[in-house]
Every structure is written in C-alpha cells, then in structure tokens.
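Architecture and fold: a report
Here is how the chains run, residue by residue.
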Amino acid sequence: MSIEKIVEQALQDGYLTPAMEAEVGRICNTASELSIEEYMALDRLMGSLLTGEVVVLPRKQFINVMEELVLSEAIARVAEIEATSDRTLDVGDIAAYALNRLPPLYATTEEGANYQRVRAKDELQELISKQVDEAIARYLDRPEFPGRVALGKSSGKEMLTQVSSILQSYATIFESQPNPPS
C-alpha cells in the first residue's frame, strides 16, 4: 500500500494502526527518495496527528508464556543430553516441534503471565515434558541434510537452487517407477 493510501485510510478511519505505521516506516526506509505527493501525504498525516483528528492505536504487548516454559524445558533436556553424549541438538528445532503440539498461553499483563505460568505448571507440566521428549526423539531420529539452511539464512535465488536440486533428486526416483496401467 502506498503512503498516500495509508494516509487517506487513516484520515477516513480516524486512527493509524501499528501495521499502517510500520508500512509507512518501511516505505520511508527503503525508498531512496520520496515523491512530492508522498511528502505532502506525510505532512497531512503529521498535521492530523497533532490536532487529534487521527490517533495512533497503541501496540498491544503480549507474550506466549508457553514459549518460555517450553524453552526452559528444552534447554535443560538438551544440556543433559549434550553433557552425556557427543551429539549437538538444536534447541530452536526442538522447541518449535513441541510448541506446535501444545496450547498457547498468551498474557498481556505481568499478573496474567504469572497466572498462566502457575496454571501451566499445575495442569500442563507433564504434557510439556512429554512433547519436549518427543521433539528430542524426533530430532535424534531425523536424517542429516547437509544443505539444510535455517529460516532467514538464504536468499530467494539460493532457495530456488535448493528446490531445484531436491526436485532433480526425486525426479530420478519417479522416472524409474513403472507407470501403472490406466
């Protein structure tokens, strides 16, 4: 969305959302130079923010308490395993696997977060431990992929090269299989 459209939307609605604010910031940071129309739109937005015609909606701060509980459990278990073996485990992989199988526990205040922690330790600690153990078992049983790259570590071109390579390796398997009769 363009700066002009974002400003138009903010003036129409009477508020600037965090997403709209982030998009304006992204455009301003990536553009080498803004147009006169974009400067005028930003000026209109600034004026309407100063007069109160447009208000900025606050960002809602929240946390998923389950993430910290799973990470604590995973770090402790991984440390035990790495201390007694020559294996190196990826805590991020293990935590992500377990978190995908556990309910989220979001909180917006410290009191709410403390409530969720107590509740989770009383009601869900066994399930958390079970999911982390299962995640570790799956991690240890998985095949090694030497070309595996963590999210955010590869460019679009590298991604296409990896996908092409995978497709080529699987193509030989499918080419060697006889076609079933129709």
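This section reports on the structure supplied with the text. Nothing here was measured: the structure is a model prediction, and the numbers come from that model. (Residues numbered from 1 in each chain as written. Predicted model: local features only at pLDDT ≥ 70, side-chain atom pairs only at ≥ 80, totals over all residues. Heavy atoms only, no water.)

1. Some thoughts on the nonpolar core
Test applied: What we call a nonpolar core is a set of buried Ala, Val, Leu, Ile, Met, Phe, Trp, Tyr and Cys residues that are connected through their side-chain atoms within 4.5 Å. Only protein chains enter the accessibility calculation, which uses a 1.4 Å probe; a residue is then buried when its area is under 20% of its type maximum, exposed when over 50%, and partly exposed in between. Runs of H or I in DSSP of at least four residues are treated as helices and runs of E of at least two as strands, each being numbered from the N terminus. Every residue pair with non-hydrogen atoms within 4.5 Å of one another is taken to be in contact.
The biggest cluster of nonpolar side chains holds 23 residues, and the ones touching the most others in it are Met66, Val70, Leu89, Ile94, Ile128 and Val132. Sort the elements by how many residues they give to this core and helix α4 (residues 65-84) lands first, with seven residues. When sequence neighbours within four positions are dropped, the list of residues in contact with isoleucine 128 reads Met66, Leu69, Val70, Glu73 and Leu102. If you look at the next biggest cluster of nonpolar residues, it comprises 13 residues, including Leu16, Met20, Val24 and Leu45.

2. Digging into the pattern of salt bridges
Definition in use: Any Lys or Arg side-chain nitrogen located within 4 Å of an Asp or Glu carboxyl oxygen qualifies as a salt bridge.
Within this structure, the stated rule accounts for six salt bridges. Between arginine 26 and glutamate 23 there is a salt bridge, with the nearest N and O atoms lying 2.7 Å from each other. Of this pair, arginine 26 and glutamate 23 both sit in helix α2 (residues 18-30), three residues apart, which is roughly one turn of the helix. Among the residues examined, arginine 26 registers a relative accessible area of 42% and is labelled partly exposed. A salt bridge links glutamate 68 to arginine 117; its shortest N-O distance comes to 2.4 Å. Of this pair, glutamate 68 sits in helix α4 while arginine 117 sits in helix α6 (residues 110-123), and the two are 49 residues apart along the sequence. The class of glutamate 68 is partly exposed, set by a relative accessible area of 30%. Here arginine 117 falls in the buried class, since its relative accessible area comes to 19%. What you see here is one network of salt bridges that share partners, running through Glu68, Glu110 and Arg117.

3. Regarding α4
To be explicit about the condition: Multiply 1.5 Å by the residue count of a helix minus one, and that product is the helix's expected span. The definition of a polar contact used here is a pair of N or O atoms within 3.5 Å, where within protein one atom must be able to donate a hydrogen and the other to accept one, and adjacent residues in sequence count solely through side-chain atom pairs.
Spanning 20 residues, α4 covers 30 Å between terminal C-alpha atoms, matching the ideal 28 Å at 1.5 Å per step. Among all positions of α4, only Val65, Met66, Leu69, Val70, Glu73, Ala74, Val78 and Ile81 are buried. The opening residue of α4, the one whose side-chain oxygen lies 3.1 Å from the backbone nitrogen of methionine 66, is asparagine 64.

4. Describing the packing of helix α5 (residues 91-99) against helix α7 (residues 125-141)
To keep things clear, this is the line we draw: Angles here are taken between N-to-C directions and fall from 0 to 180 degrees, while the axes themselves are lines fitted to C-alpha atoms, restricted in helices to the stretch in contact. Roughly parallel means an angle under 35 degrees; roughly antiparallel, over 145; roughly perpendicular, 65 to 115; everything else is oblique. Crossing handedness is defined as follows: a turn of the near helix away from the far one that is anticlockwise and smaller than a right angle gives a left-handed crossing, while the clockwise case is right-handed. Just so you know the grouping, Ala, Val, Leu, Ile, Met, Phe, Trp, Tyr, Cys and Pro go in nonpolar, Asp, Glu, Lys and Arg go in charged, and all remaining residues, Gly too, go in polar.
With their axes 8 Å apart at the nearest point, α5 and α7 run at an angle of 130° to one another. In terms of orientation, α5 and α7 fall into the oblique class. Where α5 crosses over α7, the two elements pack in a sense that is right-handed. Residue-level inspection shows Asp93, Ile94, Tyr97 and Ala98 of α5 in contact with α7, the latter providing Gln131, Val132, Glu134, Ala135, Ile136, Arg138 and Tyr139. Looking at side-chain class alone, the contact of α5 with α7 contains seven nonpolar, one polar and three charged residues.

5. Comments concerning the environment of proline 104
Note on placement: proline 104 falls in the loop between α5 and β4 (106-107). Spatially, the C-alpha atom of proline 104 lies 9.6 Å from that of isoleucine 63, the residues being 41 residues apart in sequence. Setting aside chain neighbours within four positions, we find proline 104 in contact with Asn64 and Met66.

6. Section: the side chain of glutamate 73
As a reminder of what qualifies: The charged-residue count follows a simple rule in which Lys and Arg add positive charge and Asp and Glu add negative charge, with His and chain termini not counted at all.
Counting through the fold element by element, glutamate 73 comes out in helix α4. With no salt bridge to any partner, buried glutamate 73 finds its closest opposite charge in arginine 77, at an N-O distance of 5.0 Å. Within the local environment of glutamate 73, its side chain forms a polar contact with the side chain of serine 129, the two groups lying 3.2 Å apart.

7. As for the side chain of glutamine 131
Here glutamine 131 shows up in helix α7. When its relative accessible area of 7% is taken as the criterion, glutamine 131 is described as buried. If near-sequence neighbours (up to four positions away) are discounted, glutamine 131 is found in contact with Tyr97, Ala98, Arg101 and Leu102.

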